[in-house]
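A look at the structure
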Amino acid sequence: MNSEVAAAPRSQYVEFWNTVLVPKFVRWRHILVDGLTLHSAEVFPSLAVKKGDKVVDAGCGFGDTAIQLARLVGPTGSVLAMDCCDGFLEYGRKDAKAAGVTNLTFLEADVQTYPFEPVHDFCFSRFGTQFFENPVAGLRNMRKSLRPGGTMTMIVWRGIKDNPWLGHAKEIVLKFLPPPGENAQTCGPGPFSMADTGVVTKQLEIAGYKDIEFEQIDAQVFVGRDLDDAMGFQLAIGPAGEVYREAGKLTEDRHDDIAGALKAELVKNQRPEGIMMDSSSWKVTARNPV
Ligand SMILES: C[S@@+](CC[C@H](N)C(=O)[O-])C[C@H]1O[C@@H](n2cnc3c(N)ncnc32)[C@H](O)[C@@H]1O
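Below you will find a few notes about this structure. If you're wondering where the values come from, they're calculated on a predicted model, not measured in any experiment.

When helices and strands are counted, the chain shows 10 helices and 8 strands. Relative to the compact-globule value of 19 Å for 290 residues, the chain shows a C-alpha radius of gyration of 19 Å, a close match. Split into buried and exposed, the 290 residues of the chain put 55% on the buried side. For the chain, the proportion of contacts with a sequence separation of at least 24, taken over those separated by at least 6, is 83%. Working note: accessible area of the chain is about 12,800 Å², and carbon and sulfur atoms make up 51% of it.

Right under this line is the structure:
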């Protein structure tokens, strides 16, 4: 394994991911990796990946899906795992080494602009493409990583109403705090920006793909070991986390009310394995024309 650092200047969103979200994601890694894996586990068995394939994992985060993909393609294949935050990739490098997975390269780069060679059979992204500053440019660039006839599969969240694991907490904090203002710092278009199949179909067509298909994936995700863990996670990450972060000092006065209301909702989802909530995504598959 090796790493390179792309020299392109960082966009404001990439900067935000690096400075604000990396520390939060690292703090809540046990939920983001183990919790969301329950969701993508539904998708992995049907991915169009075979032994010997060359694969890209775009916006790979901590790298757990990249390691799974590297195992699927085996020693004759390879995976290029990319993310704009080296703070995430460090975990991937360590985990891959510990797992003895060597057909995997972690690379810090912006997927929207990286000069790919068109040699890959498969390009994958779990919840990465929703944050592209320019989705069409990003999707087009992912297509450019593919050989003619290569396949792209991305997993993107459906709407906030279909994702109570993020939506309920936002509704609750908005009872106590104002919505984020016009100038709120954000992670990019956001987790629900690819929920509309009509819009995404258009984006993919403009980006040059064909054979575009959507499959709805419903799964329960783990959002915390107990009520405090789940509450801390929801107030740090996602739409409720954004409201909370932007409210600044106001949160000091309202914290107890918010905590009470959030826990009253979360307790309904308490199971022996932790707090489990419904989530729903699209598995979107498209092909680079031959
Ligand atoms: C919600 S996380 C998903 C991470 C991982 N794929 C997973 O499922 O756990 C979104 C990821 O996309 C990355 N990302 C956002 N914009 C990016 C860009 N333009 N280029 C590369 N990575 C990007 C972020 O750094 C982050 O790791």
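Scanning the model with the defined rule gives 0 disulfides in all. With no disulfide of its own, Cys60 has Cys84 as its nearest cysteine by sulfur position, at a separation of 9.7 Å. Counting only cysteine sulfurs, Cys85 is the nearest neighbor of Cys84, a cysteine outside any disulfide, at a range of 4.0 Å.

Before going further, it helps to spend a moment on the environment of Lys94. By the element assignment, Lys94 lies in helix H4 (residues 86-99). Note on Lys94: relative accessible area 57%, which makes it exposed. Residues Lys94 and Gly63, 31 residues apart in the sequence, show an inter-C-alpha distance of 9.8 Å.

So, about the environment of Val22. Relative to the helices and strands, Val22 is located in helix H1 (residues 12-27). Classification of Val22 by relative accessible area gives buried; the value is 10%. As for Val22 and Phe124, which are separated by 102 residues in sequence, their C-alpha atoms are 21 Å apart. Non-local contacts of Val22, meaning those with residues more than four positions away in its chain, are made with Trp17, Cys85, Gly87 and Phe88.

Note on backbone geometry: most residues besides glycine have negative phi, and most peptide bonds are trans. Positive phi, normally seen in glycine, also occurs at Phe127, with a value near 60 degrees. With respect to the helices, strands and loops of the structure, Phe127 is situated in the loop between strand E4 (120-126) and helix H5 (135-143). Residue classification places Phe127 among the buried positions, given a relative accessible area of 9%. Even without being a glycine, Asp211 presents a positive backbone phi close to 55 degrees.

Remember that side chains alternate between the two faces of the sheet whenever the strand is regular. Of all 12 residues making up strand E5 (residues 146-157), 10 are buried, and the element is well covered by its neighbours. Pairing analysis gives 6 bridges linking E4 to E5, with the strands arranged parallel. Within E5, the residue paired with Cys123 across the bridge is Met152. One crossover worth recording links E4 to the parallel E5 by way of H5, and it is right-handed.

A few words now on the site of the ligand. Residues in close proximity to the ligand total 17 residues, the closest being Gly59, Asp83, Asp110, Val111 and Arg126. Within the contact set of the ligand, a nitrogen atom lies 2.7 Å away from a backbone nitrogen or oxygen of Gly59. One nitrogen or oxygen atom from the main chain of Cys84 is found 3.2 Å from a nitrogen atom belonging to the ligand. Coverage of the ligand by the protein chains reaches 95% of its 590 Å² of free accessible surface. For the shell around the ligand, the class distribution of residues is 10 nonpolar, 4 polar and 3 charged.

Within the structure shown, the criterion is met by 14 aromatic pairs. Aromatic pair Trp17 and Phe131: ring centres 5.0 Å apart, planes at 85 degrees, arrangement edge-to-face. With Trp17 in helix H1 and Phe131 in the loop between E4 and H5, this residue pair connects regions lying 114 residues apart in the sequence. By relative accessible area, Trp17 is classed as buried at 11%. A centroid spacing of 4.9 Å and a plane angle of 55 degrees characterise the contact between Trp157 and Trp165, whose relative ring orientation is tilted. On the basis of relative accessible area, Trp157 is assigned to the buried category, the value being 3%. Three or more aromatic residues link up through ring pairs in this structure, and these residues are Trp17, Phe25, Phe62, Phe88, Tyr91 and Phe131. Looking at Lys94, its charged tip hangs above the ring of Tyr91, at a distance of 5.6 Å from the centre. The positively charged end of Arg158 is found above the aromatic ring belonging to Trp282, 4.8 Å away from the centroid.

Here we come to the packing of helix H6 (residues 164-173) against helix H10 (residues 250-266). Between H6 and H10, whose axes approach to 10 Å, the crossing angle comes to 150 degrees. The angle between the axes of H6 and H10 places the two elements in the roughly antiparallel class. Crossing angle aside, the handedness with which H6 passes H10 is right-handed. In contact with His168, Ala169, Ile172 and Val173 of H6, H10 contributes Ile258, Ala261, Leu262 and Glu265. Residues of the contact of H6 with H10, tallied by class, amount to 6 nonpolar, 1 polar and 1 charged.

Rules and cut-offs
- Residues numbered from 1 in each chain as written.
- Predicted model: local features only at pLDDT ≥ 70, side-chain atom pairs only at ≥ 80, totals over all residues.
- Heavy atoms only, no water.
- Helix = DSSP H or I, 4+ residues; strand = E, 2+ residues; numbered from the N terminus.
- Rg over C-alpha atoms; globule rule 2.2 N^0.38 Å.
- Buried < 20%, exposed > 50% of the residue type's maximum accessible area, 1.4 Å probe, protein only.
- Contact = heavy atoms within 4.5 Å.
- Areas by Shrake-Rupley, 256 points an atom, 1.4 Å probe, with all protein chains shown as cover.
- Disulfide = S-S within 2.5 Å.
- Pairing = 2+ DSSP bridges.
- Right-handed = clockwise from strand over helix to strand, strands pointing away.
- Near = heavy atom within 4 Å.
- Polar contact = N/O pair within 3.5 Å; in protein donor to acceptor, adjacent residues only side chain to side chain.
- Nonpolar A, V, L, I, M, F, W, Y, C, P; charged D, E, K, R; others polar.
- Phe/Tyr/Trp six-rings, centres within 6.5 Å; stacked < 30°, edge-to-face > 60°.
- Lys NZ or Arg CZ within 6 Å of the ring centre and 35° of its normal.
- Axes fitted to C-alpha atoms, helices over the stretch in contact; angles between N-to-C directions.
- Parallel < 35°, antiparallel > 145°, perpendicular 65-115°, else oblique.
- Left-handed = near helix turned anticlockwise from the far one by under 90°.

Treat this as a map of the structure, not an account of what it does.
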